[in-house]
Every structure is written in C-alpha cells, then in structure tokens.
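The lines below spell out each chain.
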Amino acid sequence: MQKKIQSALISVFYKDGLENIVQQLHQLGITIYSTGGTQKFIEDLQVPCVPVESLTTYPSILGGRVKTLHPSVFGGILGRRDNETDLQEMQEYKIPEIDLVIVDLYPFEETVKSTTDEKLIIEKIDIGGPSMIRAAAKNHASVVVVAAKKDYTLLEEILKEQNGETSLEQRRMFAIKAFDVCTGYDMAISNYFNQSDFVNPFDKSKTVLRYGENPHQQGIYYGNADELFDKLNGKELSYNNLVDVDAAVQIIADFDDTTFAIIKHTNVCGIASRQTIKESWDAALAGDPESAFGGVLVCNGTIDIATANAINEIFFEVLIAPAFDADALEILKTKKNRILLQQKNQLSSSNQYRSVLNGILAQQNDTGNYTDWKEEGGRETADAEKEDLIFANIVCKHLKSNAIALVKNKQLYGKGCGQTSRIDALRQSIEKAKQFNFDLNGAVLSSDAFFPFDDCVKIAHESGIQSFIQPGGSIRDKDSIGYCKKNNLAMVLTGQRHFKH
C-alpha cells in the first residue's frame, strides 16, 4: 500500500548526511518537526521547522532528559490511520499525524570507549530516541522510520524516485532495520553493566556468502571485516576463508618476533620466527610444504619483493600482513582471485561464543602462554631451549586438541592435532617431522594438556626430543617427571592448559 509522507519528525545526534534529506522534504512540502540542535541545524538551512515544544507545550526539561516523551508526539507516531477511534482521539486532542521519523541514538558505545566516567556514560543512555524508533517501527503500516545515518541515502532515493511516497514493503524494511538498531543499542548497555561483550549480529553489516562450510549450506557473515582489514586484491572471502583468517590473526597476535604462519582448516601447518620476513616464510613453508597448498598465510612484518616472489610460487587463498611494499604488491596482484588483506586493527573481543544445544556457550579468550614455569625435569632448560619451549607452547595453544607441537630453532618441525589420544597426536607429529627430513635431536615438545602416562615422554625421547613443556596436573605426573630425571631431560610444568575444541 503506497502512502504519502505529509509530516516528519527529525531528532538526531549526528547531523552529517542529513542536509540533502531536509532539502528534499522541504521541496516536497512536508512539514518538519524538530527540537534542540537538530532544529537549529534545519533552520540554518533556511528550511521552516515546527518546534516539538509547540506540540507538547513543554520545553526541554531536566537537562534535556525529557524532550519528546509526550502524548502529542507519540500519539502522532502510534495513531492507527485505519482506526476510527484513534483518528477521533487524535483530532480531539489536536495530535498531528507524523508519517516519517528520523531519529538516531546517543553514542553510548563510543562514550564507553572514550571514558570511564560513569556519569557521562549514564547520560548517553538514550530514552526518547529508542522509544520513538520502536513506536514508529511498530506502526510501520503507516509510518516510515530511519534509525541510522547509513540509511539516509536509501531514504533520499525513495523520496526522489517516488515523490515522497513509500510502499508497505519499504516501510517494513526500515522497521526491521530500526528494531535491529534498538536491539544492538540495548545489548551495548547490557554489556556495559554486565561487563560482557556479547555481539548482536543483527546490528552488524550482513554479507550473504556464496555458501557455508559446504556448498549445500547457506552462509551469512554478520560483521564488518573492513574494520580489521583493507582488502587490496581478490575475490570475496568465503565462509571457510573467514574462519581461517580468524585463526590466522589470533595466532600471529601472540608473537612479537618477526614471524610467518601458514593456516589450513584453522590449524597452523607451518610457522617460524626469523630475522626477516623472507627467512620466516622460507622456514614456515619448509615445515610442511604439502599442506601449505591452498592455505591462509599471515605474518607480522612488511611483505617485501623478495618475500612476494617466493610466495608467488605457490597457490594460496589469502595473505594477511600489516604492510606491503609497492613492488611486492604488484607481483602478488597478478592473480586476480588471490585475496590480499592489509591488517590495520587487532581483534577486540575478549570472549568466544559457540552455538550449542539450542543455546550459546560463552567463554573468555585463551590468553597468555604459561602461568608457572616450574623446572621439574632432570636438568634446567638452556636459554635456547627455553625460547623454543615458549614458541612451541604458543603454537600448541592454537592447534585443535589433542595437540603436540615439535619445535627446533623457533620453527615448527612437526605437529599432531585433533587426535582422540595424546599418544596419537605425538605419533602424528613425529611422522610429519620425518616426512620432511627434520632432525629431532635437540628439538622440544609442547603438549596442550598433561601426559596421563609416561609413554609420550619415552617415545619422544627415542626420537631425539630433549625438552618438554606441559601444564601438568595428572595424578601420574611423577611418572613423566621421573623418566625425565632419570634420563637428564628438561621438563617445564606451566599450570595452564590449552585445550581447543
């Protein structure tokens, strides 16, 4: 059902992008109601504006806390145009119909990010704004509501193309957007008081993906990856790309040294720290050149031309780096579908969420590396061993459980992950190292959880492993510790498990 807009109520915090709409409304002969700073903005454009106070007969009171909360305002928004009783009451109380509501909300989240002053934060909890938005959205059979400046362009197009008329379908679309804005706003306030960071997906940008994890599954991404990356080249990120990119930026964030990592199905299959990005790449690739095919690559240094030439020799899906030299970028862009992401911000959420059993499972991120550093073996770790153990434990933390990581000279030699037993993960890691002719003599081993028996330590020692790091906590810790003492092997207990499911 087409409906002509005759009147509009405008009250916004952000005025940018509003001018064209105001001018368009004026040209269409639409009566504009407003208050406060928005009213001044409109009048400065030489556009007539009716003060809301003329409807309510009350000025803005309580320091601006009460401006629009009045039956003359909400009656005009909520009155049902097809209900004779509503229309009679509106006429009796001289309540004008309001057909368009343009309202945004106080910047609550921005205020929380910029200050810890609770008085300032509380004052940015909008009351009138969400009330008007919800009222207009509820009555979308007759009223258009625009609750975010990102929708100004769409409204302007409709006003121009349809001469101030809207369809029920369009009003319903704006109403859905408005309810989503309110949901996100309420969730931000709840997060502040509950000290949580639940994300409202419906208040985020919505990207319909080609498909989900598999072609027969629908996939949608709710979020704005542009906040984290500038996409310099390539096709759109797929569902699996997004999952692997998330794993990539998580692991690289744990390294300060110049590091390169290769991710496949969220697990790191090659990683190394060296003096230069090129050396880091060479060592990471050497760790498992087979699995690197079609992987997601990530580093924490600038991609130079030497590294670009080396990377360009293999097929990969995504490359993430904080910077690219111009000549390196030119080389990497030769493949049009190759996704190149320049990372500009880190992940900000401190929690993780998972859909389980018709509910949501939430937990804090697994931060840190080790809580304790208890030397419990037959000798103290040497300085180089300690560096390798720290490196290996970070790698192991980012592998799916059960997980084992074998490291030497800050290079992943072999890994076992996603195994149903720890000893299977160990066997897998040793076989990987042998597959690419790595010498495990002097290498170190990290385990994401305790050794339930001493069999893992014995098998690893037989392969050349001389130093171990694990959280401890088994009732049979003494068995593994005893073997290390007897054979002059180093063992560090961290007190911090790193399960990942």
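Before reading on, note that the structure itself is shown above.
Computed from a predicted structure; not experimentally measured. (Residues numbered from 1 in each chain as written. Predicted model: local features only at pLDDT ≥ 70, side-chain atom pairs only at ≥ 80, totals over all residues. Heavy atoms only, no water.)

(A) Representation of the overall build of the protein within the structure. When you go through the protein residue by residue, the secondary structure sums to 18 helices and 23 strands. What you see for the protein is a C-alpha radius of gyration of 30 Å, clearly larger than the 23 Å of a compact globule of 501 residues, by over 25%. If you line up the protein on its principal axes, its C-alpha atoms span 95 × 50 × 40 Å. For the protein, the residues scored as buried account for 47% of the 501 residues in total. When contacts within the protein are restricted to residue pairs at least 6 apart in sequence, those whose partners lie at least 24 apart make up 56%. For the protein, the computed accessible surface area is about 24700 Å², with 49% contributed by carbon and sulfur atoms. The centroid of the 53 positive side-chain charges in the protein is displaced by 3 Å from the centroid of its 67 negative side-chain charges. (Helix = DSSP H or I, 4+ residues; strand = E, 2+ residues; numbered from the N terminus. Rg over C-alpha atoms; globule rule 2.2 N^0.38 Å. Buried < 20%, exposed > 50% of the residue type's maximum accessible area, 1.4 Å probe, protein only. Contact = heavy atoms within 4.5 Å. Areas by Shrake-Rupley, 256 points an atom, 1.4 Å probe, with all protein chains shown as cover. Lys, Arg positive; Asp, Glu negative; His and termini not counted. Charge placed at Lys NZ, Arg CZ, Asp CG, Glu CD.)

(B) Layout of the sheet that holds strand S18 (residues 374-375). With mixed pairing, the six strands of this open sheet are ordered in space as S18-S23-S22-S21-S19-S20. Among the strands making up the open sheet, the edge pair consists of S18 and strand S20 (412-416). Strand direction decides the pairing type here: strand S22 (residues 467-470) and strand S23 (residues 490-493), joined by four bridges, are parallel. Residue pairing across strands places Ser467 opposite Ala490, the latter belonging to S23. Of the strands in this sheet, strand S19 (404-407), S20, strand S21 (444-447), S22 and S23 are in contact with helix H15 (residues 383-397), which crosses S21 at around 35°. (Pairing = 2+ DSSP bridges. Axes fitted to C-alpha atoms, helices over the stretch in contact; angles between N-to-C directions.)

(C) Main features of helix H16 (residues 422-435). A rise of 1.5 Å per residue sets the reference length of H16, with its 14 residues, at 20 Å; its end C-alpha atoms lie 20 Å apart and thus fit the reference within 8%. Buried residues of H16: Arg422, Ile423, Ala425, Leu426, Ser429, Ile430, Lys432 and Ala433, and no others. If you follow the buried residues of H16, they end up packed against S19, S20, S21 and helix H17 (455-462). One or two steps after H16, the chain reaches Asn437, where phi turns positive at roughly 60°. (Expected span 1.5 Å × (residues − 1).)

(D) Region of the structure containing the packing of helix H1 (residues 19-27) against helix H9 (residues 152-161). In the contact formed by H1 and H9, the axes pass within 10 Å of each other and the chain directions differ by 20°. On the basis of their axis angle, the class for H1 and H9 is roughly parallel. The interaxial crossing formed by H1 with H9 has left-handed handedness. Across the interface between the two elements, Asn20, Ile21, Gln24 and Leu25 from H1 touch Tyr152, Leu155, Glu156, Leu159 and Lys160 from H9. Its residues assigned to classes, the contact of H1 with H9 shows five nonpolar, two polar and two charged. (Parallel < 35°, antiparallel > 145°, perpendicular 65-115°, else oblique. Left-handed = near helix turned anticlockwise from the far one by under 90°. Nonpolar A, V, L, I, M, F, W, Y, C, P; charged D, E, K, R; others polar.)

(E) Representation of unusual backbone geometry. Residue Asn402 is bonded to the preceding Ser401 through a cis peptide linkage, with omega at -10°. Summarising the element assignment, Asn402 is placed in the loop between H15 and S19. Unusually for a residue other than glycine, Gln46 sits at a positive phi of about 65°. Assignment of secondary structure puts Gln46 in the loop between helix H2 (36-44) and strand S4 (50-51). Of note, Lys410 is a non-glycine position whose phi angle comes to about 55°, a positive value.

(F) Looking closely at the environment of Glu109. Tracing the backbone through its elements, the reader meets Glu109 in helix H6 (residues 108-114). Judged by its relative accessible area of 43%, Glu109 falls in the partly exposed class. In sequence terms Glu109 and Lys264 are 155 residues apart; their C-alpha atoms lie 35 Å from each other.

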